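Each chain is listed here by its residues.
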Amino acid sequence: MESVAVLYYDNTVIVRVDLKIGINASMLKTGYPQNVGTHLSIDETSLSNGELYTILTNKAAKGGKSSMVAIVAGTKAEIVIEILRKIPEKLRKKVSEITLDMAANMALIAKKCFPQATQVTDRFHVQQLALEAVQDMRIKCRWEALDAENQALEQAKLTQSLYEPEVLSNGDTVKQLLARSRYVLYKKTTDWTPSQQERASLLFDRYPDLKRGYELGQSLSHIFENTTDKLYGLARLASVEVMTFVAVIGIGTLTSTD
């Protein structure tokens, strides 16, 4: 089995990765400054052994030829900044927009290396955070259900009575309902199976706040996935309910639906 992975860009080998060793600092690449465009994207990725690398790409290339601008081993802001500043300042200053996640190190890198660029939060990270916020609500409800069940068990012991948990119409107990609803809350309503529809109905009847959180999260995803006009998208994001949800999950200011 081949133990070396080769990463190509523009038909050029930019790094060979020994899958047993990974990439080390000596393999840092400043990449291709000639590929710098007005709209860039910066993100972290794992190439081997769980090690992270910072990848800078030209969005106009859409992942094809001339997309790679730089690849840097690690995600420490000071190291990445040092490498990216090797790109001529004239080229860096022509960048007008850079897409990134919500990590503080990425924001610092973008600010220091591309001072003229507007920072735009990557919509996929926003949607992921919204989904995680709904899951956090579900987990909180499940812990409360577990605590309630433990208290009921203790009370049953004190009164020497038999404790029987509530069984819902689909055969779930309340704690099972909350545990088994994990994947339901990740999916769109149109993708639910009949059993998932029944489970969601039971869940939302019992936990209306969880239903509202799910609906707001889906509304946010719908805006990103179905809006092509930026001004219209910003107007929709400015709605009271969606912006309240955005504030609760800690996204901050959204500047684009791209």
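Note that the structure is predicted; figures quoted are calculated from it, not measured.

(A) Summary view of the pattern of salt bridges. Counted by the stated rule, this structure contains 7 salt bridges. The salt bridge involving Glu-215 is made with Arg-212; its shortest N-O contact spans 2.7 Å. Note that Glu-215 and Arg-212 are positioned in helix H7 (residues 208-226) at a spacing of 3 residues, about one turn of the helix. By sharing partners, the salt bridges in this structure join Asp-172, Arg-180 and Arg-199 into a single network.

(B) Seen up close, the confidence of the model for the protein chain. For the protein chain, per-residue confidence averages 80 on the pLDDT scale, and residues scoring 70 or more make up 80% of the total. Ranking the helices and strands of the protein chain by mean pLDDT puts helix H6 (residues 194-206) first, with 97, and strand S1 (residues 4-9) last, with 39. Below pLDDT 50 for its whole length, residues 251-258 participates in 31 contacts with residues either more than four positions away or in separate chains.

(C) Structural detail: the nonpolar core. One finds Leu-40, Ile-42, Leu-56, Leu-84, Ile-98, Ile-109 and Phe-114 to be the most contacted residues of the largest nonpolar core, which totals 22 residues. Those elements that provide at least two residues to this core are strand S3 (39-48), strand S5 (68-73), helix H1 (77-84), strand S6 (97-100) and helix H3 (104-113). When residues in this core are grouped by element, the largest group, 5 residues, is from H1. Leu-177, Leu-203, Tyr-207 and Tyr-214 belong to the second-largest nonpolar core, a separate cluster that totals 17 residues.

(D) Spotlight on the packing of H7 against helix H8 (residues 230-237). Contact geometry for H7 and H8: axes closest at 10 Å, N-to-C directions at 170°. By the criterion of interaxial angle, the relationship of H7 to H8 is roughly antiparallel. For the pair formed by H7 and H8, the contact residues are Leu-220, His-222 and Ile-223 on the first element and Gly-233, Arg-236 and Leu-237 on the second. Along the lines of polarity and charge, the residues of the contact of H7 with H8 split into 3 nonpolar, 2 polar and 1 charged.

(E) Representation of the packing of aromatic side chains. The full count for this structure, using the stated rule, is 3 aromatic pairs. Measuring from ring centre to ring centre gives 6.4 Å for Trp-192 and Phe-204, while their planes differ by 45°; the resulting arrangement is tilted. A residue pair is termed long-range when its members are at least 10 positions apart, and Trp-192 in the loop between helix H5 (174-180) and H6 and Phe-204 in helix H6 qualify at 12 residues. Pair check on accessibility: Trp-192 and Phe-204 agree, each one buried. Taking 5.7 Å as the distance between ring centres and 25° as the angle between the ring planes, the aromatic pair formed by Trp-192 and Tyr-214 counts as stacked. With Trp-192 in the loop between H5 and H6 and Tyr-214 in helix H7, this residue pair connects regions lying 22 residues apart in the sequence. Here Trp-192 falls in the buried class, since its relative accessible area comes to 13%. Taken together through their ring pairs, the aromatic side chains of Trp-192, Phe-204 and Tyr-214 make up a single cluster.

Thresholds applied
Residues numbered from 1 in each chain as written. Predicted model: local features only at pLDDT ≥ 70, side-chain atom pairs only at ≥ 80, totals over all residues. Heavy atoms only, no water. Salt bridge = Lys/Arg side-chain N within 4 Å of Asp/Glu carboxyl O. Helix = DSSP H or I, 4+ residues; strand = E, 2+ residues; numbered from the N terminus. pLDDT = per-residue confidence, 0-100. Contact = heavy atoms within 4.5 Å. Core = buried A, V, L, I, M, F, W, Y, C linked by side-chain atoms within 4.5 Å. Buried < 20%, exposed > 50% of the residue type's maximum accessible area, 1.4 Å probe, protein only. Axes fitted to C-alpha atoms, helices over the stretch in contact; angles between N-to-C directions. Parallel < 35°, antiparallel > 145°, perpendicular 65-115°, else oblique. Nonpolar A, V, L, I, M, F, W, Y, C, P; charged D, E, K, R; others polar. Phe/Tyr/Trp six-rings, centres within 6.5 Å; stacked < 30°, edge-to-face > 60°.

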